[in-house]
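Chain residues, written in single-letter form:
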Amino acid sequence: MIGMKTLARFTVSLSPELAQYAEEVRQRLGISRSEVFALALKRLRESELREGYRALAEDPDFQEDPWIDSGLRETLEESPWS
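Our subject in this report is the structure included herewith. Only a predicted model underlies this, so the values are computations on that prediction, with no experimental measurement involved. (Residues numbered from 1 in each chain as written. Predicted model: local features only at pLDDT ≥ 70, side-chain atom pairs only at ≥ 80, totals over all residues. Heavy atoms only, no water.)

1. Some points on the overall build of the chain
Across its full length, the chain carries four helices and zero strands. Its helices and strands taken in sequence order, the chain reads α-α-α-α from the N to the C terminus. For the chain, buried positions account for 13% of its 82 residues. In the chain, once contacts between residues fewer than 6 apart in sequence are set aside, the share between residues at least 24 apart is 22%. (Helix = DSSP H or I, 4+ residues; strand = E, 2+ residues; numbered from the N terminus. Buried < 20%, exposed > 50% of the residue type's maximum accessible area, 1.4 Å probe, protein only. Contact = heavy atoms within 4.5 Å.)

Quick look at the structure:
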């Protein structure tokens, strides 16, 4: 069992529309259902992080701190996360 990952199992209930969409995505991408949901959660997490970083870059307290020149705003503008 060297290199084996421990995985969590979930049971989910979806509306027929979401179930159909998940199946379409699975077939289109050629991945498993588990991979569809993992991909969706990864994208959601990235979106939430992106929004959090944007909010931080716009925070006046963060911007006015003379010790901080993070370049966060510029990085976000140049990032593929934009």
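2. Re a nonpolar patch on the surface
On the surface, F10, V12, L14, L18 and F37 cluster together to form a nonpolar patch covering roughly 510 Å² of accessible area. Its place among the elements puts V12 in the segment before α1 (16-29). The class for V12 is exposed, based on a relative accessible area of 52%. (Patch = residues over 30% accessible without salt bridge, like charges linked within 9 Å, V, L, I, M, F, W, Y side chains within 5 Å. Areas by Shrake-Rupley, 256 points an atom, 1.4 Å probe, with all protein chains shown as cover. Salt bridge = Lys/Arg side-chain N within 4 Å of Asp/Glu carboxyl O.)

3. Regarding the side chain of E23
Note that E23 resides in helix α1. Separated by 2.6 Å, the side chains of E23 and R26 make a polar contact. (Polar contact = N/O pair within 3.5 Å; in protein donor to acceptor, adjacent residues only side chain to side chain.)

4. Focus: the packing of α1 against helix α2 (residues 33-58)
The contact between α1 and α2 brings their axes to 9 Å, and the two run at 105°. Classified by the angle between their axes, α1 and α2 sit roughly perpendicular to one another. Between α1, through A22, E23, V25, R26 and L29, and α2, the contact on the second element is made entirely by R33, V36, F37 and L39. Grouping the amino acids of the contact of α1 with α2 by side-chain chemistry returns six nonpolar, no polar and three charged. (Axes fitted to C-alpha atoms, helices over the stretch in contact; angles between N-to-C directions. Parallel < 35°, antiparallel > 145°, perpendicular 65-115°, else oblique. Nonpolar A, V, L, I, M, F, W, Y, C, P; charged D, E, K, R; others polar.)

5. Quick word on the pattern of salt bridges
A full pass over the atoms with the stated rule returns two salt bridges. In this structure, the salt-bridge partner of R26 is E23, at a minimum N-O distance of 2.6 Å. Of the two residues, R26 and E23 both sit in helix α1, three residues apart, roughly one turn of that helix. A salt bridge links R33 to E23, with the nearest nitrogen and oxygen atoms 3.2 Å apart. A residue pair is termed long-range when its members are at least 10 positions apart, and R33 in helix α2 and E23 in helix α1 qualify at 10 residues.

6. A few points about α1
Helix length check: α1 (14 residues) gives 20 Å between terminal C-alpha atoms against 20 Å at 1.5 Å per residue, within 8%. Of the positions making up α1, those classed as buried are A22, E23 and V25. Within α1, the buried residues cover an arc of 160° as seen down the axis, which keeps them to one side. In α1, the exposed positions angled more than 90 degrees off the buried face are occupied by P16, E17, Q27 and R28. Contact partners of the buried residues in α1: α2. Two residues or fewer after α1 comes G30, characterised by a positive phi angle close to 70°. (Expected span 1.5 Å × (residues − 1). Arc of directions from axis to C-beta.)

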